[in-house]
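# Summary of the model geometry
Below, each chain spelled out in residue letters.
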Amino acid sequence: MFEQADALKRSRYDRFLDYLSQLSLLVAGIALVVLTLTFGWLVFGRYVLNSTPTWVEQLSLLLVVLIAFLGASVGIHKNTHLGVSFFYDRSPFWLQQLFQLISQLSLAIFGCVMMVNSYQLMLFKWGSDIPLLGVPEGIRAIPIMLCGGLVLLYSIGHLIHLFHRVKAALMRLRY
């Protein structure tokens, strides 16, 4: 019975979510390096060349949004997001599972709403350009849309695990 539970823990979907999480961290890490290099160029341009690059601020805003939203989605996957566990820790198993259900359903709904609305925002803003960069303004909404989709996927993964835990607990009660 425990062998089946271990197999369920590492399903294909779990491995897919782990891959997405690692990819998100890689992209966020590369964006952080690019952000650092960009600010290095800003300092060099300002103090050595005496010519401040004007595009750095707009690019840094894009990169910070990308880093923050990808990092937030990975926090959902790894259960490292902020939470108050006082009542949860002192509750019986069935109430803990109910709290988990409410939490993960709320996150899934939030991720879905975030994804859909940021997609609409992206489409709405695609016609205008970001000053000094010459790229569509709708690009700003892409990291938000990705984060919403990832939060939805990660929450579904947590819900699957929740249902398997409850099922296993009910099976133990029967015997």
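Residues numbered from 1 in each chain as written. Predicted model: local features only at pLDDT ≥ 70, side-chain atom pairs only at ≥ 80, totals over all residues. Heavy atoms only, no water.

## Concerning the overall build of the chain
- The secondary structure content of the chain amounts to 6 helices and 0 strands.
- The secondary structure elements of the chain, listed N-terminal to C-terminal, are α-α-α-α-α-α.
- Taken against the 2.2 N^0.38 rule, which gives 16 Å for 175 residues, the C-alpha radius of gyration of the chain at 21 Å runs more than 25% over that of a compact globule.
- In terms of overall dimensions, the chain has C-alpha extents of about 75 × 35 × 35 Å along its principal axes. (Helix = DSSP H or I, 4+ residues; strand = E, 2+ residues; numbered from the N terminus. Rg over C-alpha atoms; globule rule 2.2 N^0.38 Å.)

## So, the side chain of S91
- You can see S91 is positioned in the loop between helix 4 (86-89) and helix 5 (93-125).
- A residue is classified by how much of its surface remains accessible, and S91, at 13% relative accessible area, is buried. (Buried < 20%, exposed > 50% of the residue type's maximum accessible area, 1.4 Å probe, protein only.)

## Section: the packing of helix 5 against helix 6 (residues 142-174)
- Packing of helix 5 against helix 6 brings their axes to within 7 Å, and their N-to-C directions diverge by 160 degrees. Judged by the angle between their axes, helix 5 and helix 6 are roughly antiparallel. In the packing of helix 5 onto helix 6, the handedness of the crossing is left-handed.
- For the contact of helix 5 with helix 6, the per-class residue count stands at 21 nonpolar, 9 polar and 1 charged. (Axes fitted to C-alpha atoms, helices over the stretch in contact; angles between N-to-C directions. Parallel < 35°, antiparallel > 145°, perpendicular 65-115°, else oblique. Left-handed = near helix turned anticlockwise from the far one by under 90°. Nonpolar A, V, L, I, M, F, W, Y, C, P; charged D, E, K, R; others polar.)

## Overview of the confidence of the model for the chain
- On average, residues of the chain score 90 in pLDDT, and 94% of them are at 70 or above.
- Least confident of the elements in the chain is helix 1 (residues 2-9), whose mean pLDDT is 50; most confident is helix 5, at 95. (pLDDT = per-residue confidence, 0-100.)

## A look at the nonpolar core
- L20, L70, I76, L150, V151 and Y154 are the most contacted members of the largest nonpolar core, which has 15 residues in total.
- Among the secondary structure elements, those contributing two or more residues to this core are helix 2 (12-47), helix 3 (56-77), helix 5 and helix 6.
- Among the elements that take part in this core, helix 2 stands out by supplying 5 residues, more than any other.
- Leaving out residues up to four positions away in the same chain, L150 has contacts with L20, S24, L70 and S73. (Core = buried A, V, L, I, M, F, W, Y, C linked by side-chain atoms within 4.5 Å. Contact = heavy atoms within 4.5 Å.)

## Quick notes on unusual backbone geometry
- Of note in the backbone geometry, N50 takes a positive phi value of approximately 55 degrees without being a glycine.
- With relative accessibility at 69%, the residue N50 sits in the exposed group.

## What about the state of the cysteines?
- Taken as a whole, this structure holds 0 disulfides when the rule is applied.
- Unpaired in terms of disulfides, C112 finds its nearest cysteine sulfur in C147, a separation of 13 Å. (Disulfide = S-S within 2.5 Å.)

## So, the packing of helix 3 against helix 6
- Running from amino to carboxyl end, helix 3 crosses helix 6 at an angle of 5 degrees, the nearest separation of the two axes being 8 Å. On the basis of their axis angle, the class for helix 3 and helix 6 is roughly parallel. Across the interface between the two elements, V65, L66, F69, L70, S73, V74, I76 and H77 of helix 3 pack against P143, I144, C147, L150, V151, Y154, S155 and H158 of helix 6.

## With respect to the packing of aromatic side chains
- Within the structure shown, the criterion is met by 2 aromatic pairs.
- Taken together, a centroid distance of 5.6 Å and an interplanar angle of 35 degrees make the contact between W41 and F44 tilted. Of this pair, W41 and F44 both sit in helix 2, 3 residues apart, which is roughly one turn of the helix.
- Summarising the aromatic geometry, the rings of F86 and F87 are spaced 5.3 Å apart at their centres and angled 80 degrees between planes, so their arrangement reads as edge-to-face. (Phe/Tyr/Trp six-rings, centres within 6.5 Å; stacked < 30°, edge-to-face > 60°.)

## Concerning the environment of T54
- Take T54: it is sitting in the loop between helix 2 and helix 3.
- T54 sits in the exposed class, given a relative accessible area of 51%.
- Residues T54 and L133, spaced 79 residues apart in sequence, show a C-alpha to C-alpha distance of 9.2 Å.

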